[in-house]
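Listed here are the chains, written in short residue letters.
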Amino acid sequence: MAGGLAVGLLAGAVVGAAGGGRDPAELQLLDLDGRRVAPFHDPTARGFVFVLARTDCPISNRYAPELQRLHRRFAPKGLVFRLVYPDAGEDVEAIRRHARDFAYPFAALRDPEHGLVRLVRATVTPEAAVFVAEPPGPRLVYRGRIDDRYVDFGTTRAVPTTRDLEQVLEAVAAGRKVPLRTTAAVGCFIPRAE
């Protein structure tokens, strides 16, 4: 399988609003028609949820029902969800088919230049990044796993004991102050951008 499986270890402090002092508001990704889009451009959003995915990552694919559930619960509360494909080599038609086959109810974007990947220091798929919308600009409050269902390679729980992403989304939706939190994600390596 392209990309291989890996445990993404998320370490290091976040500088500024997100990794490396970059301004999230300046981030641009590509839609599936190849147009540049500003993923934080939604003045009505309370927050933004990015989930990095690959068409060929079995761990990422197994989270589709959970992501659908989280979208149903939190999109009406002002959280904007985006599925982000960071592999520059993934075919756009394969991405469209993947998003359709797994019934993702939110937009798919591409990050072939790894702007978002670098911003949040993502290493694997699936990995989530949550930003809150604040007057000075979007602020990263979470990066890491969706839940703790995947303990390590070949070691899974039937049911997760900690639903990390859901806990963060509950706090954001309730308008609570959310400090930055990171967790380790288990999944498929994100190939380096050329």
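Going by the structure above, here's the rest.
Heads up: these notes are all about the structure in this document.

Parameters and conventions
Residues numbered from 1 in each chain as written. Predicted model: local features only at pLDDT ≥ 70, side-chain atom pairs only at ≥ 80, totals over all residues. Heavy atoms only, no water. Helix = DSSP H or I, 4+ residues; strand = E, 2+ residues; numbered from the N terminus. Buried < 20%, exposed > 50% of the residue type's maximum accessible area, 1.4 Å probe, protein only. Areas by Shrake-Rupley, 256 points an atom, 1.4 Å probe, with all protein chains shown as cover. Salt bridge = Lys/Arg side-chain N within 4 Å of Asp/Glu carboxyl O. Phe/Tyr/Trp six-rings, centres within 6.5 Å; stacked < 30°, edge-to-face > 60°. Core = buried A, V, L, I, M, F, W, Y, C linked by side-chain atoms within 4.5 Å. Contact = heavy atoms within 4.5 Å. Disulfide = S-S within 2.5 Å. Arc of directions from axis to C-beta. Polar contact = N/O pair within 3.5 Å; in protein donor to acceptor, adjacent residues only side chain to side chain. Axes fitted to C-alpha atoms, helices over the stretch in contact; angles between N-to-C directions. Parallel < 35°, antiparallel > 145°, perpendicular 65-115°, else oblique. Nonpolar A, V, L, I, M, F, W, Y, C, P; charged D, E, K, R; others polar.

**Some details on the overall build of the protein chain**
Move 1: Of the regular secondary structure elements, the protein chain holds 5 helices and 13 strands.
Move 2: For the protein chain, the residues scored as buried account for 52% of the 194 residues in total.
Move 3: Summing over all exposed atoms, the protein chain offers an accessible surface of approximately 8800 Å²; the carbon and sulfur share of this is 51%.

**What to know about the pattern of salt bridges**
Move 1: By the definition in use, this model includes 17 salt bridges.
Move 2: Here E170 and R73 are joined by a salt bridge, their closest N and O atoms 3.0 Å apart. Of the two residues, E170 is situated in helix 5 (residues 164-173) and R73 in helix 2 (residues 64-74); the sequence distance between them amounts to 97 residues.
Move 3: The exposure class assigned to E170 is partly exposed, which follows from its relative accessible area of 31%.
Move 4: Because the salt bridges share partners, they merge into one network encompassing E66, R69, R73, R163, E166 and E170.

**Remarks on the packing of aromatic side chains**
What describes a pair of aromatic rings is the distance from one ring centre to the other and the angle between the planes of the rings.
Move 1: Taken as a whole and assessed by the stated rule, the structure comprises 7 aromatic pairs.
Move 2: A centroid spacing of 5.1 Å and a plane angle of 80° characterise the contact between F40 and F48, whose relative ring orientation is edge-to-face.
Move 3: For the pair Y63 and Y150, a centre-to-centre distance of 5.8 Å together with 55° between the ring planes defines the contact as tilted. With Y63 in the loop between helix 1 (58-62) and helix 2 and Y150 in strand 10 (residues 150-152), the pair connects residues that are 87 residues apart, well separated along the chain. This pair shows no difference in class: Y63 is buried, exactly as Y150 is.

**Thoughts on the nonpolar core**
Move 1: Formed by 36 residues in total, the largest nonpolar core has its most connected members in V130 and L165.
Move 2: Residue assignment for this core shows that the elements contributing at least two residues are strand 4 (47-52), helix 2, strand 5 (79-85), helix 3 (92-101), strand 8 (127-132), strand 9 (139-144), helix 5 and strand 13 (185-189).
Move 3: Of the residues forming this core, the biggest block, 6 residues, is contributed by helix 5.
Move 4: Aside from chain neighbours lying at most four places away, what touches L165 is V49, L67, L70, A128, V130, Y142, R145 and I146.
Move 5: By size, the runner-up hydrophobic cluster in this structure holds 19 residues, among which are F50, L52, L116 and F131.

**Here we look at the state of the cysteines**
Move 1: What the rule picks out here adds up to 1 disulfide.
Move 2: A disulfide bridge connects C57 with C188, and the sulfur atoms are separated by 2.3 Å. Between C57 and C188 the disulfide shows an S-S torsion of about 90°. By sign, it is right-handed. Of this pair, C57 sits in the loop between strand 4 and helix 1 while C188 sits in strand 13, placing them 131 residues apart in sequence.

**Overview of helix 3**
Move 1: For helix 3, every residue scored as buried is listed here: A94, I95, H98 and A99. An end-on view of helix 3 places all buried positions within 135° of arc, on one side of the element. Those residues of helix 3 that are exposed and aimed more than 90 degrees away from the buried face are R100 and D101.
Move 2: Contacts from the buried residues of helix 3 go to helix 1, strand 5 and strand 6 (108-110).
Move 3: Residue D91 occupies the N-cap position of helix 3, its side-chain oxygen lying 3.0 Å from the main-chain nitrogen of E93.
Move 4: At the exit of helix 3 stands A103, carrying a positive phi of roughly 55°.

**Some remarks on the environment of G137**
Move 1: Its location among the elements puts G137 in the loop between strand 8 and strand 9.
Move 2: Along the sequence, G137 and F40 sit 97 residues apart, while their C-alpha atoms lie 8.9 Å from each other.

**Digging into the packing of helix 2 against helix 5**
Move 1: Between helix 2 and helix 5, the least distance of the axes is 11 Å, while the angle of their chain directions is 10°. When the axes of helix 2 and helix 5 are compared, the pair comes out roughly parallel. Facing helix 2, whose interface residues are E66, L67, R69, L70, R73 and F74, helix 5 presents L165, E166, L169, E170 and A173.
Move 2: The residue makeup of the contact of helix 2 with helix 5, split by class, is 6 nonpolar, no polar and 5 charged.

Geometric values such as these leave the question of function open.
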